[in-house]
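Single-letter residue listing:
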Amino acid sequence: MRHVAAGPTDPIRFATFNASLTRDRAGRALSDLSAPGDAQASAVAEIIQRTRPEVLLINEFDYEPDNALADAFAANYLGVSQHADVDPIEYRYVYVAPSNTGVPSGHDLNRDGTVGGPHDAFGFGEFPGQYGMAVFSQHPIEYGRIRTFRHFLWKDMPGALLPVLPATGQPWFSDAALDVVRLSSKSHWDLPIRIGSTTVHFLVSHPTPPAFDGPERVKARRNHDEIRLWADYLTPGASGFLCDDAGIRGGLAPGEPFVVAGDQNSDPLDGNGLPGSIQQLLEHPLVDATVAPASEGAAQAAKRQGGVNDRHAGDPRHDTASFAARGPGNLRVDYV
């Protein structure tokens, strides 16, 4: 967190966690978490209880209306000690909202000759809300001031890296598809959180991974521009094109404290992303990226798995996710 003159004097712990609390069909995550005993949810809860963030973003948390999944996770897992030496943890404030994942676009977005299925949804998903997001906070969320950008169209970003057909240079998306294709694969949220007398804007998202792509690099280009949305949002004079879901234009007011968090699916040096994608944030003049969290476990995993990890340029201590079985190896993709 960037310290400002009028801000809080005590450290505040913000965290992001891709917990993979997602399931293969609608309602199954809620069924699994509606009672204690799910081993995965228990492990996730124990990590949260041990690290004890005050403000937490969970990625890959299936959307359920009325906070149903978040309430179940809080009651049956976060609120129950998951090990003899850890205490339960409580979050009074929660925010969940619909995701673009699994929402049908009505167009053949992947150009396979058919319409329908997860690849033709506004964001990849088997059902609406799969791979969603949830924010848990011990500090008040100013719900009336939340901004979301779920419906913002990719074409409305000036200079967007819209994909083209490599052989012809013609647009990848049809005109009709381009009129509806959204930039955010899940959503982008600006959550004002009141910490003492200061409001901190928690800017959260989960861009699409730049993987499972063809030579047109649709996903890599989208990943770049999803990251760019926050970079522009923070830049005075560069955010006038942004229009949130309530029809309000513009970015963050100059001088407002903020924290950017999420699974950005972009490594600074390795992986399949477009060069410079995450640097849009890491090198932004208003972002303090001087501290890169490190872990002995990440370095051990890279050494143990070997393979492509041995050829990575990045420090393996900074890896936050293991993709070894799928090709790119272990990468730094999660950021606060």
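Preceding this section is the structure that the text describes.
Going along each chain's sequence as written, the residues are numbered from 1 onward. This being a predicted model, a pLDDT of at least 70 is required before a residue's local features are given, and a value of 80 or more before pairs of side-chain atoms are given or counted; all residues contribute to the totals for chains, interfaces and linings. Note: side-chain values were computed over all heavy atoms of the structure, leaving out hydrogens and water.

**Considering helix H5 (residues 218-233)**
- A run of H or I in DSSP counts as a helix once it spans at least four residues, and a run of E counts as a strand once it spans at least two, with each numbered from the N terminus. One less than the number of residues in a helix, times 1.5 Å, gives the span that helix is expected to have. Its 16 residues place the ends of H5 23 Å apart at the C-alpha level, agreeing with the 22 Å of an ideal helix rising 1.5 Å per residue.
- Type-normalised accessible area, obtained with a 1.4 Å probe on protein chains alone, sets the label of each residue: buried when under 20%, exposed when over 50%, and partly exposed for intermediate values. Burial within H5 is extensive, with 14 of its 16 residues counted as buried.

**Observations concerning empty space enclosed by the protein**
- The distinction between a cavity and a pocket rests on a 1 Å grid over the protein atoms alone: a 1.4 Å probe fits inside a cavity but cannot get out, while a pocket stays open yet meets protein on both sides within 12 Å along at least five of seven lines, and a residue with an atom within 4 Å of a point counts as lining. Grid points are joined across faces, edges and corners, and a volume is the space filled by probe spheres set on the points. Within the structure shown, the criterion is met by one cavity of 30 Å³ or more.
- There is about 40 Å³ of room inside the largest cavity.
- Lining of the largest cavity is provided by Phe61, Asp62, Tyr63, Glu64, Asn67, Ala68, Leu69, Ala70, Val96 and Met133.
- With three residues, the top contributor of residues to the lining of the largest cavity is helix H3 (residues 68-78).
- Here the lining of the largest cavity is built from residues that sort into seven nonpolar, one polar and two charged. Note on residue categories: nonpolar means Ala, Val, Leu, Ile, Met, Phe, Trp, Tyr, Cys or Pro, charged means Asp, Glu, Lys or Arg, and polar means any other residue, Gly included.

**Some thoughts on the pattern of salt bridges**
- Salt-bridge detection follows one rule: a side-chain nitrogen of Lys or Arg within 4 Å of a carboxyl oxygen of Asp or Glu. Here the structure, examined in full by the defined rule, presents 14 salt bridges.
- When the shortest N-O distance is used, the salt bridge between Arg28 and Asp24 registers 3.2 Å.
- Exposure remark for Arg28: the relative accessible area of 33% places this residue in the partly exposed category.
- Of the residues examined, Asp24 reaches a relative accessible area of 48% and is grouped as partly exposed.
- Its salt-bridge partner being Arg194, residue Glu142 comes within 4.0 Å of it at the nearest N-O pair. On the criterion of sequence distance, the pair formed by Glu142 in the loop between strand S4 (133-137) and strand S5 (147-148) and Arg194 in strand S6 (residues 188-195) is long-range, its members being 52 residues apart.
- Among the residues examined, Glu142 registers a relative accessible area of 19% and is labelled buried.
- Owing to a relative accessible area of 32%, Arg194 belongs among the partly exposed residues under this scheme.
- Overlapping salt bridges bring together Arg23, Asp32 and Asp38 as one network.

That's the geometry; what it means functionally is another story.
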